[in-house]
Amino acid sequence: MMAQPSVLPARHILVVEDDTQLREQVAAYLADHGFHVHAAADARAMDRALAQAPVDLVVLDLMLPGEDGLSICRRLSAEGGPAIIMVS
């Protein structure tokens, strides 16, 4: 009898990017590869998304309007937040 492959739940990724086209492309790529994806254009939208559901990873743009990516990274890290990949 063959063992059934284990099915893991999709990892939840939050893409934070102010460029609409790039944000949508990255989110679509990740979703097409089996990830559960949400997207946010800035820190405020990111905070709202994080309040609604926990995430496993934040893909975070460095240059954002308002609070920049480095500040967000420091804040999330200090709060014991999710893993972060910085992009620019």
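Details of the structure are given in the entry above.
Criteria and thresholds
- Residues numbered from 1 in each chain as written.
- Predicted model: local features only at pLDDT ≥ 70, side-chain atom pairs only at ≥ 80, totals over all residues.
- Heavy atoms only, no water.
- Helix = DSSP H or I, 4+ residues; strand = E, 2+ residues; numbered from the N terminus.
- Buried < 20%, exposed > 50% of the residue type's maximum accessible area, 1.4 Å probe, protein only.
- Contact = heavy atoms within 4.5 Å.
- Areas by Shrake-Rupley, 256 points an atom, 1.4 Å probe, with all protein chains shown as cover.
- Pairing = 2+ DSSP bridges.
- Expected span 1.5 Å × (residues − 1).
- Arc of directions from axis to C-beta.
- Polar contact = N/O pair within 3.5 Å; in protein donor to acceptor, adjacent residues only side chain to side chain.

**Considerations on the overall build of the protein**
- Of the regular secondary structure elements, the protein holds 3 helices and 4 strands.
- When its helices and strands are written in sequence order, the protein yields β-α-β-α-β-α-β.
- The burial tally for the protein puts 28% of its 88 residues in the buried class.
- For the protein, long-range pairs separated by at least 24 residues make up 67% of all intrachain contacts whose partners lie at least 6 apart in sequence.
- Counting every atom, the protein has about 5900 Å² of accessible surface; 57% of that belongs to carbon and sulfur.

**Re the environment of G66**
- Following the sequence through the fold, G66 ends up in the loop between β3 (57–61) and α3 (69–78).
- On the basis of relative accessibility, which here comes to 77%, the residue G66 falls in the exposed class.

**Observations concerning the pairing of strand β2 (residues 36–40)**
- Across 5 bridges, strand β1 (residues 12–16) lies against β2 in parallel orientation. Counted as the bridge partner of I13 is V37 from β2.

**Quick look at helix α1 (residues 20–32)**
- Between its terminal C-alpha atoms α1 stretches 18 Å, which fits the 18 Å expected from 13 residues at 1.5 Å a residue.
- What α1 keeps buried is the set R23, A27 and L30. Taken around the axis of α1, the buried residues stretch over an arc of 65°, which confines them to a single face. Projecting away from the buried face of α1 at angles above 90 degrees are the exposed residues Q21, E24, Y29 and D32.
- Against the buried residues of α1 lie β1 and β2.
- Taking the backbone nitrogen of Q21 as reference, a side-chain oxygen 3.1 Å away marks D19 as the first, capping residue of α1.
- After α1 finishes, the residue G34 shows a positive phi value of roughly 90°.

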